[in-house]
Structure formats: structure tokens, C-alpha cells
Amino acid sequence: MKRCLICLEELDLFRGLEKEQITNLCQCTNKKRLSKGHYLFYQGDITSTIFLVKSGKLKLVQSAEDGHETILDICGPGEVLGELSLYQEQKECSSALAMEEACICCFSKMQFEMLIKKDPSFALRIIDYLGQKRYANMNSDKETRRTVKERLLGLFYNLANQYGKKLPNATMIDLIITQQELADMIGSSRVMVIQALNELKEAKIVDRTNRYYILKDDPL
């Protein structure tokens, strides 16, 4: 319980709540562990659960009718999934797949509604969180107008901002991601991504070590 309290208090979404509120939230929370390759939920599911990623990473995958898959996002510790169920019952527009072992906190819609009634400012935090997601999605739409290399570099900067580990004169993206996953995330083909990767490596902007991508601070 102590570790759970510390975990929630460290998150922007819960920061500022009374200790008693967080304690009550933790006591009613279900914990779920996912192994790599297992799903948290599937596209088309109807759920009234809000999920908080405590550890690990998941990718949100959307499947089209022709079977083509697009990676909408990668979610890590502190991120919330299923928050739209607070406002209306609707089907999930994507599936959430664990990229590595993950620990998830599961909250019921009722728990969040009780928090909002006790602390109206909590509703503002949720609205702000949704607004940031919407802004990110709008920027993602604009990215499709750029070249594959520009989109790939933009993706690397975003991933470095979320999952970067500082190295001398570089940032390591602490995320094992395949070339196909990179292609799915920017809406391109694996062949085009490989070509763009080679160009970025030749320009000494991006490198790869032990399956991790490295983004140089001062490319030459």
C-alpha cells in the first residue's frame, strides 16, 4: 500500500489530492500484470474501466478492415487509458498490447466520479489531460504531410522526450522498437523507413546500439 501511495502521489493527475483520498483510491483499485505480448483490452471492447500504467509500456494498435495495423501511440508509466469512458460508453478504437511486462492499476468509473464530486479540481486535471492528448493527435495529423525522414525524426524526438536516457552528447531511447513498428507509427512502409534510417545514420543524427536508438544532441 505504501508503494502504491507514493506511486500515485508522483503523478500529475493525482498530485494535490488529500492523503485520505489517495488511500481510498488505492484500497479499491485492482492491480493487473501483463506479460509481453498480452492485451489489456481489444479494439471494439466496451469498458467502464480507467487504466493507469504503473510500469512497463503498451502500444495502442488500430486495425483497419483490410487488416492493416497502425500504432497510434506508445504509453508508459503515469499514462492513463480508457479515460473517455468517464464521459460516455463507447467502443475502444484500438487495442492495447504490452511491449514488455507491465503493471496496470484499474479504476472503476464510479471511483473517478466520487473523486470529482469531492474535489472538482480533479475534473479540470482530467480535462487538461484530454486536451493535451487531443493536441498531440492534431500534431500527429500534420506530420502526415511531411516526408518519411522528417516524420521519423519527429517521432524519435517525441520518443526521446518521453523515454530518453541521457548519455554524453546523446539521448538513448529506452524502448525496444522494430522497424515495422516505426513504420506503423508514422504511416509508412518498412522499406521507406529503412531508407530514412540509413539517411539519418549517414548524417550522424541517429544511431543504434544494443537494439536501442540513439539520438545525437549536436548532429554534424
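To be clear, the structure that these remarks concern was listed above.
Parameters and conventions
Residues numbered from 1 in each chain as written. Predicted model: local features only at pLDDT ≥ 70, side-chain atom pairs only at ≥ 80, totals over all residues. Heavy atoms only, no water. Helix = DSSP H or I, 4+ residues; strand = E, 2+ residues; numbered from the N terminus. Phe/Tyr/Trp six-rings, centres within 6.5 Å; stacked < 30°, edge-to-face > 60°. Buried < 20%, exposed > 50% of the residue type's maximum accessible area, 1.4 Å probe, protein only. Pairing = 2+ DSSP bridges. Axes fitted to C-alpha atoms, helices over the stretch in contact; angles between N-to-C directions. Contact = heavy atoms within 4.5 Å. Parallel < 35°, antiparallel > 145°, perpendicular 65-115°, else oblique. Nonpolar A, V, L, I, M, F, W, Y, C, P; charged D, E, K, R; others polar.

Peer 1: Would you take a moment to explain the environment of Asn 161 for this structure?
Peer 2: Position of Asn 161 among the secondary structure elements: in helix α5 (residues 148–163). A C-alpha to C-alpha distance of 8.6 Å links Asn 161 and Ile 173, two positions 12 residues apart in sequence.

Peer 1: I'm lost on the packing of aromatic side chains in this one. Help?
Peer 2: Any two aromatic rings considered together are summarised by their centre-to-centre distance and by the angle between their planes. One pass over the full model with this rule turns up 3 aromatic pairs. For the pair Tyr 39 and Tyr 42, a centre-to-centre distance of 4.6 Å together with 25° between the ring planes defines the contact as stacked. Residue classification places Tyr 39 among the partly exposed positions, given a relative accessible area of 34%. With centroids separated by 5.1 Å and ring planes inclined at 45°, the aromatic side chains of Phe 156 and Tyr 213 adopt a geometry described as tilted. Placement of the pair is Phe 156 in helix α5 and Tyr 213 in strand β12 (residues 212–216), with a sequence separation of 57 residues. Of the two residues, Phe 156 and Tyr 213, both sit in the buried class.

Peer 1: What am I meant to see in the sheet that holds strand β10 (residues 170–173) here?
Peer 2: Consider a sheet: its strands pair through backbone hydrogen bonds, and that pairing is either parallel or antiparallel. The strand order across the open sheet formed by 4 strands is β9-β10-β12-β11, and the pairing between neighbours is antiparallel. Every other strand in the sheet has two partners, leaving β9 (164–167) and β11 (206–209) as the edge strands with one partner each. Each neighbouring strand pair of the sheet contributes to a mean axis angle of 30°, computed without reference to strand direction. Two strands pair when backbone bridges link them, and β11 and β12 are joined in this way by 4 bridges, in the antiparallel orientation. Considered in β12, the bridge of Val 206 is made with Leu 215. Its contacts with the sheet place α5 against β9, β10, β11 and β12, and it is angled at close to 85° to β10.

Peer 1: Hey, could you run me through the packing of α5 against helix α7 (residues 190–202) in this one?
Peer 2: Angle between the axes and distance between the axes: these two values describe a pair of packed helices. Between α5 and α7, the least distance of the axes is 9 Å, while the angle of their chain directions is 70°. Judged on the interaxial angle alone, α7 and α5 are roughly perpendicular. In this structure, α5 uses Val 148, Lys 149, Leu 152, Leu 153 and Phe 156 to contact α7, whose residues at the interface are Met 192, Val 193, Ala 196, Leu 197, Glu 199 and Leu 200. Of the residues in the contact of α5 with α7, the class split is 9 nonpolar, no polar and 2 charged.

Peer 1: How should the sheet that holds strand β8 (residues 102–108) be read in this particular structure?
Peer 2: Strand order in the open sheet formed by 4 strands is β1-β8-β3-β6, with antiparallel pairing between adjacent strands. Every interior strand has two partners, whereas the edge strands, β1 (30–34) and β6 (80–81), have only one. Relative to β8, strand β3 (residues 49–55) is paired through 6 bridges, and the arrangement is antiparallel. Across the sheet, Leu 52 pairs through a bridge with Cys 105, a residue of β8. Lying on the sheet, helix α3 (residues 109–118) is in contact with β3 and β8; it crosses β8 at an angle near 65°.

Peer 1: Is there a simple way to explain helix α6 (residues 179–186) in this structure?
Peer 2: Given 3.6 residues per helical turn, the α-helix brings residues three or four places apart onto the same face. In terms of burial, α6 is largely enclosed, as 6 of its 8 residues are buried. Taken residue by residue, α6 has Glu 181, Leu 182, Ala 183, Asp 184, Met 185 and Ile 186 as its buried positions. The inward-facing, buried residues of α6 contact β4 (58–63), β5 (69–75), α5, α7 and β12. Gly 187 sits one or two residues past α6 and shows a positive phi near 70°.

From the geometry alone we can't say anything about function, so treat these as descriptive.
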